[in-house]
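Next come the chains, spelled out residue by residue.
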Amino acid sequence: MIIIIKQVVKIGGSLFPNYAITLADKLKCTDSCIILGGGEFANLIRKYDDEMNFSDEINHWTAIDCMDIIAKLVNDKLDSTRLAFSIDEVNDISDEGFTPIFVVSEFLKSEDPFECSWDVTSDSIAAYVAHLLNANLFIVTNVNGIYTQEPKEPGSTFISKIDAKTLLTFQESSIDVMLPSLLLEFGTDCYVVNGKFPERVLSLIDDNKNDYNFEYTQIIGD
């Protein structure tokens, strides 16, 4: 019997290594598929691009390679996960009782769903995978959710619920630029939550819980 993936959990690279590894392990037996962000590896490519002006294509695919690297590193530390390289493998690994960590580069090269741009990061990739799996989407990062501006800036206000159309007007936030457009295209919601507190993520993905005494952001996409 194939277990249906209930949610795609994108764990931001900012949480690597310790928080990302801890959360990935705690997601066992939750019918989740994990996608890892590129973290500091991808940030270095951005830095070098600012200096050297590499091509959009090379920037895009090497940043995705960074996602693969972190996926493999996280998986190396855990017994509860297995690496998946296709949608079929995601389902097969879940069916075997392990949590799939999706290594996305080869899959994306065959699908090629995005333009090569810094506007597309692991957030948008996770949204695309969640759409294919008909799964819920959780963006797990190192802040509580979406703010009106950088959280440390004076006057910054936390937003608990926001529609994706409004997010299109934001200059920057804790998600990538492309994600709101994809949520509108797919007609789906998304949750942004702080992965430094794994119990928050687990609470949101547990259908039996409905009392959330912590901050998180729901993005409405339909």
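Look above for the structure.
Residues numbered from 1 in each chain as written. Predicted model: local features only at pLDDT ≥ 70, side-chain atom pairs only at ≥ 80, totals over all residues. Heavy atoms only, no water.

(A) Seen up close, the overall build of the protein. Scanning the protein from terminus to terminus reveals nine helices and ten strands. Relative to the 2.2 N^0.38 estimate, which gives 17 Å for 222 residues, the radius of gyration of the protein is 16 Å and therefore close to what a compact globule would have. Dimensions of the protein, computed from C-alpha atoms along their principal axes, come out at roughly 45 × 45 × 35 Å. Buried residues in the protein amount to 48% of all 222 residues. Carbon and sulfur atoms make up 47% of the accessible area of the protein, which totals about 11,300 Å². (Helix = DSSP H or I, 4+ residues; strand = E, 2+ residues; numbered from the N terminus. Rg over C-alpha atoms; globule rule 2.2 N^0.38 Å. Buried < 20%, exposed > 50% of the residue type's maximum accessible area, 1.4 Å probe, protein only. Areas by Shrake-Rupley, 256 points an atom, 1.4 Å probe, with all protein chains shown as cover.)

(B) Examining the packing of aromatic side chains more closely. By the definition in use, this model includes seven aromatic pairs. On the basis of an interplanar angle of 40° and a centroid distance of 6.4 Å, the ring pair of F107 and Y128 is categorised as tilted. Of this pair, F107 sits in helix α5 (residues 105-111) while Y128 sits in helix α6 (residues 122-133), and the two are 21 residues apart along the sequence. The buried category is assigned to F107, whose relative accessible area is 7%. Summarising the aromatic geometry, the rings of F114 and Y128 are spaced 5.7 Å apart at their centres and angled 70° between planes, so their arrangement reads as edge-to-face. (Phe/Tyr/Trp six-rings, centres within 6.5 Å; stacked < 30°, edge-to-face > 60°.)

(C) Region of the structure containing helix α3 (residues 56-76). Between its terminal C-alpha atoms α3 stretches 31 Å, which fits the 30 Å expected from 21 residues at 1.5 Å a residue. For α3, the full list of buried residues reads N59, H60, W61, A63, I64, C66, M67, D68, I70, A71, V74 and N75. (Expected span 1.5 Å × (residues − 1).)

(D) Looking closely at the packing of helix α2 (residues 39-52) against α3. Two numbers describe how α2 lies on α3: the axes approach to 8 Å, and their chain directions differ by 160°. Relative to α3, the element α2 lies roughly antiparallel. Our pair here, α2 against α3, has a crossing hand that is right-handed. Only N59, T62, A63, C66, I69, I70 and L73 of α3 make contact with α2, whose side of the interface consists of G39, F41, A42, I45 and D49. Taken together, the residues of the contact of α2 with α3 sort by class into eight nonpolar, three polar and one charged. (Axes fitted to C-alpha atoms, helices over the stretch in contact; angles between N-to-C directions. Parallel < 35°, antiparallel > 145°, perpendicular 65-115°, else oblique. Left-handed = near helix turned anticlockwise from the far one by under 90°. Contact = heavy atoms within 4.5 Å. Nonpolar A, V, L, I, M, F, W, Y, C, P; charged D, E, K, R; others polar.)

(E) The arrangement of the environment of T148 in detail. Assignment of secondary structure puts T148 in the loop between β6 (146-147) and β7 (158-159). Residue class for T148 comes out partly exposed when judged on its relative accessible area of 43%. Residues T148 and I159, eleven residues apart in the sequence, show an inter-C-alpha distance of 7.1 Å. With sequence-adjacent residues up to four places away left out, T148 is seen in contact with G155, S156, T157, I159 and F170.

(F) Highlighting unusual backbone geometry. Put simply, F16 and P17 share a cis peptide bond, and its omega is 5°. In this structure, D31 takes a positive phi of about 55° despite not being glycine. Turning to its location among the elements, D31 is positioned in the loop between α1 (18-26) and β2 (32-36). Even without being a glycine, N53 presents a positive backbone phi close to 55°.

(G) Looking closely at the pattern of salt bridges. Counting across every chain of the model gives four salt bridges. D31 is the salt-bridge partner of K6, the closest N and O atoms lying 3.9 Å from each other. Note that K6 is positioned in the segment before β1 (7-11) and D31 in the loop between α1 and β2, a separation of 25 residues in sequence. The class of D31 is partly exposed, set by a relative accessible area of 21%. Between K47 and E51 there is a salt bridge, and its shortest N-O distance comes to 3.1 Å. (Salt bridge = Lys/Arg side-chain N within 4 Å of Asp/Glu carboxyl O.)

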